[in-house]
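Remarks on the overall topology
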Amino acid sequence: MPGSTLPPFPNDVRTHPLSIIDYELIKAGDVEEVNRLWEAATTIGFWYLKNHGADQEVSEMFDMGAETMALPFEELMAFEQGDNGRSFGYKKAGANAIDAAGTLDSVEFINVSKDDALAYPQVIHRTYPSTVNARMENTIAPFARKGLEVTYVVLNIFNDKLGLPKGTLESLHDMEEHSGSETRCIRNPPVQIKEAAKIPAIGAHTDFGSLSFLHNRLGGLQVLPPGHEEWSYIRPIPGHAVCNIGDALSLFSGGILQSNIHRVVAPPGVQAEYERWSLVFFPRPGNSKVLRALVESGHIIAEAVKKRPDKNFETGSTAAEWFARRIKNQRINNRLGPETWATSRGTEHTPTVV
């Protein structure tokens, strides 16, 4: 269960250090802290966030996840996300591929659309299990609002650093436009056999949207930092979120903001014997927004694109199309072969390490 006593993260595994950013300081415009955030976002693309003020919302979201995963499987499957590229709803374990060979994932999760949560009881995209509905207004919507608050603070900092006209990035994430923004509560079962610990629960990927606001209580998240050849764990720190840049912000910024590759594996050491729960808010651009470098809006981005002739920053894809393509082509029922997995990929390179 999400709230049970858990063993500490072991000290004998390889970890990658991340900057700890104080949300209250960046919200207040502290120059030194803002510069530290910018350095993290433009190098590895990951950082810890403390003093985010969401601890209560996070605890209640984990409770919602536990209540939902305790429902009968048949009841959950009535709300399964399906194979047409829609993310919202329940995803059963084994529904997605984690690599080009078609290896199955081991996680189940419940995704709730930000639009549905904030409009409830009005239905924007779809309906949800009873346990979700019971907590939509007092648990899920407050968590989504907190995630949006963090998102807009960070977006406006990046906006200024990129030399964009005021409000440019915020307008690409207009609250009034429907989007793929969602909350996700994830359950990964304990490792039953030693060999299973070597198989990723979620394969190597970059995130689909703009930012990720992640909360977890056990290890399992690994990153492959630029220039590195070995995966490293990110050590969970109580009360600290892990934030990272997604594909959309990397594209908008002409690659200045780093959407870095990561994966989820079994927790290290004795932690592997426990259920791993994690919780994320994924903010994404408005559905109609085209994912491309904002070269006309800022000379900093235009110069960055000129220096990277090898990279394509003109996707020709809207945020909705980008998201649906990635979701649809990792679904195992849509797999035709390794090419299906390749079609599901984002801005990431393909790691050669295991």
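Residues numbered from 1 in each chain as written. Predicted model: local features only at pLDDT ≥ 70, side-chain atom pairs only at ≥ 80, totals over all residues. Heavy atoms only, no water.

The protein is annotated in an unreviewed UniProt entry as Fe2OG dioxygenase domain-containing protein of Suillus plorans. One UniProt comment on the protein, placed under Sequence similarities (unreviewed entry), says "Belongs to the iron/ascorbate-dependent oxidoreductase family." (UniProt positions renumbered as here; feature names shortened; annotations may be inferred.)

As a general point, the strands of a sheet are linked pairwise by backbone hydrogen bonds and lie either parallel or antiparallel. Spatially, β6-β11-β8-β9 is the arrangement adopted by the 4 strands of the open sheet, whose pairing is antiparallel. Of all the strands in the sheet, just β6 (202–205) and β9 (232–233) have a single pairing partner and so form its edges. Where β6 lies against strand β11 (residues 262–264), 2 bridges are found, and the strand directions are antiparallel. When the sheet's bridge partners are listed, Ile202 is paired in β11 with Val264. (Pairing = 2+ DSSP bridges. Helix = DSSP H or I, 4+ residues; strand = E, 2+ residues; numbered from the N terminus.)

Most of strand β10 (residues 241–245) is tucked away, with 5 of its 5 residues classed as buried. Where strand β2 (residues 46–50) meets β10, 4 bridges bridge the pair, whose relative direction is antiparallel. Opposite Trp47, over in β10, you have Cys243 as the bridge partner. When strand β7 (residues 211–216) meets β10, the two strands line up antiparallel, connected through 4 bridges. Residue Ser212 lies in a different strand from β10, and its bridge partner there is Asn244. (Buried < 20%, exposed > 50% of the residue type's maximum accessible area, 1.4 Å probe, protein only.)

Here we come to unusual backbone geometry. Of note, the bond from Tyr120 into Pro121 is cis; its omega dihedral lies within 30 degrees of zero at 10°. Structurally, Pro121 is set in the loop between α5 (114–119) and α6 (130–161). For Asn51, which is not glycine, the phi torsion reads 55° and is therefore positive. The residue Asn51 is located in the loop between β2 and α3 (55–69) in this model. Exposure remark for Asn51: the relative accessible area of 42% places this residue in the partly exposed category.

Attention now moves to the pattern of salt bridges. Opposite charge on two side chains permits them to pair, given that their charged atoms come into close proximity. Under the counting rule described, the total for this entry stands at 19 salt bridges. Between Arg284 and Glu182 there is a salt bridge, with the nearest N and O atoms lying 3.0 Å from each other. Residue Arg284 is located in the loop between β12 (276–282) and β13 (290–292), and its partner Glu182 is located in strand β5 (residues 182–188); the two are separated by 102 residues in the primary sequence. Its relative accessible area of 0% is what places Glu182 among the buried residues. The closest approach of N and O atoms between Glu314 and Arg292, which form a salt bridge, is 2.9 Å. Here Glu314, found in strand β14 (residues 314–318), pairs with Arg292, found in strand β13; they are 22 residues apart in sequence, far enough to count as distant. Given a relative accessible area of 42%, Glu314 falls into the partly exposed group. In this structure, a network of salt bridges that share partners links the residues Lys27, Lys146 and Glu149. (Salt bridge = Lys/Arg side-chain N within 4 Å of Asp/Glu carboxyl O.)

Here the focus is the packing of α3 against α6. Contact geometry for α3 and α6: axes closest at 9 Å, N-to-C directions at 150°. It follows from the interaxial angle that α3 and α6 lie roughly antiparallel. Once α3 is placed against α6, the crossing between them reads as left-handed. Touching Glu57, Val58, Glu60, Met61, Asp63, Met64, Glu67 and Thr68 of α3 are Thr131, Val132, Arg135, Asn138, Thr139, Ile140, Pro142, Phe143 and Lys146, all from α6. Here the residues of the contact of α3 with α6 sort into 7 nonpolar, 4 polar and 6 charged. (Axes fitted to C-alpha atoms, helices over the stretch in contact; angles between N-to-C directions. Parallel < 35°, antiparallel > 145°, perpendicular 65-115°, else oblique. Left-handed = near helix turned anticlockwise from the far one by under 90°. Contact = heavy atoms within 4.5 Å. Nonpolar A, V, L, I, M, F, W, Y, C, P; charged D, E, K, R; others polar.)

So, on to the pairing of β2. Within a regular strand, side chains alternate between the sheet's two faces. For β2, the tally of buried residues reaches 4 of 5 residues, placing the bulk of the element in the interior. Bridge count between strand β1 (residues 20–22) and β2: 3 bridges; the pairing is parallel. Across the sheet, residue Ile21 finds its bridge partner in β2, namely Leu49.

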